[in-house]
Every structure is written in structure tokens, then in C-alpha cells.
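Here are the chains, one letter per residue:
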Amino acid sequence: MSDEHWYEDETGSLVRPYTVTRGRTEPSGKQSIDLMSQVTALEADASQAAVDHARAALLALVRRGAPRPVVELAADADLPLTVVRVLLADLAEAGLVRIEEPRRLEPAGPAADPELLKVIVERLREL
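The written sequence of each chain sets the order in which its residues are numbered from 1. The predicted origin of the model limits local features to residues at a pLDDT of at least 70 and limits the giving and counting of side-chain atom pairs to 80 or more, whereas totals for whole chains, interfaces and linings rest on all residues. The basis for the side-chain values is all heavy atoms of the structure; hydrogens and waters are excluded.

In this section: helix α5 (residues 81–93). To qualify as a helix, a DSSP run of H or I must reach at least 4 residues; to qualify as a strand, a run of E must reach at least 2; elements of each kind are numbered from the N terminus. Given the number of residues in a helix, its expected span is that number minus one, multiplied by 1.5 Å. Between the first and last C-alpha of α5 there are 18 Å, a value that for 13 residues agrees with the 18 Å anticipated at 1.5 Å per step. Accessible area is worked out with a 1.4 Å probe on protein chains only. A residue is then buried under 20% of its type maximum, exposed over 50%, and partly exposed in between. For α5, the set of buried residues is Val83, Val84, Val86, Leu87, Leu88, Ala89, Asp90, Leu91 and Ala92.

Looking now at the side chain of Ser37. Examined against the element boundaries, Ser37 turns out to sit in the loop between α2 (17–20) and β1 (38–41). Looking at Ser37, its side chain comes within polar contact range of the main-chain nitrogen of Asp34, at 2.8 Å. The contact definition used throughout considers only heavy atoms, calling two residues in contact when any of these lie within 4.5 Å. Leave out the neighbours within four places in its chain, and Ser37 touches Ser32, Arg68, Pro69, Val70, Ile99, Glu100, Glu101 and Pro102. Here a polar contact means two N or O atoms within 3.5 Å. Within protein one must be a hydrogen donor candidate and the other an acceptor candidate, and residues neighboring in sequence count only if both atoms are side-chain atoms.

Let us now look at the confidence of the model for the protein chain. One rule of thumb: low pLDDT means the predicted coordinates there are not for detailed reading. Confidence of the predictor at the level of single residues is given by pLDDT, which spans 0 to 100. A residue-level look at the protein chain finds 69% of positions with pLDDT of 70 or above and a mean pLDDT of 76. The secondary structure element of the protein chain with the lowest average pLDDT is helix α1 (residues 8–11), at 51, and the one with the highest is strand β2 (residues 68–69), at 92.

Right, let's get into the sheet that holds β2. Strand pairing within a sheet occurs via backbone hydrogen bonds; the two strands may be parallel or antiparallel. In this description, strands pair whenever DSSP reports at least two bridges between them. If you trace the 3 strands from one edge of the open sheet to the other, you get β2-β1-β3, paired in antiparallel fashion. Unpaired on one side and paired on the other, β2 and β3 (97–100) mark the two borders of the sheet. As paired elements, β1 and β3 share 4 bridges and run antiparallel to each other. Across the sheet, the residue bridging to Val39 is Ile99, located in β3. Against the sheet, helix α3 (residues 53–62) touches β1, β2 and β3, its axis set at about 100° to β1. Simply put, an axis is a line fit to the C-alpha atoms, just over the touching stretch for a helix, and the angle between two N-to-C directions goes from 0 to 180 degrees.

Following this line, the structure appears as C-alpha cells:
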């Protein structure tokens, strides 16, 4: 018998992503989760249901300070983005996190002028 052991650090994840998400590839519910959506942990009360290990580990990452984008959480958790989106939706449905859509900036100045954009398109077509 060998003294060698395979640890997760050496072999990679021993649990497949579809197992963690219970086979789901899309967030359930009406939650829209963009790469840059900001995730904030909410105060949990004693009446809220317990979460499994994967969701608890992600929730611990979310609780580390200021609101963070989904893509950053996925990188820190070392999980595929699809898995993180499903887990975050579950946490949001449980009332443990809030997910806010990223702010969309409206163009200002010349870029906002539709007539200028039409002229640019016409000139590009002439090329």
C-alpha cells in the first residue's frame, strides 16, 4: 500500500460542477445575473434555512467586504461562471444576498448624437 494520497489541490475538483448545481445550468427564478452584477450579502436571521457547503463557501466570499461583481466572485471561488450564477441565484432566493444589475452609462457628447452616428455609418459604407 502506497503512502501517496490524491488531494484536491493536486488533482483538481473532485466534484463535478453539475453535481454542485444539482444539474442546473441556468439560475432558477426571475433573477438576471450579468457578469458585472454587484452582489451584496444580506443580514441572515435564524429563521433562514441552512445552505450546503458550496453555497456557504460562496456566501463567505460575498461577505468579505464591499459589494463585488459576479465575475470576481467566480474567479475567487475558482468555479465556472455558470456554477456561480446558479449558486448566487439560490442564495438570492433564500434571502442571503442581493444581486443588482450593473449601472448602464448613457453616452454623452458627440457619441450620443444620432445624426453624427448616421454620417459615420454612411462614410464607412463609402469605403
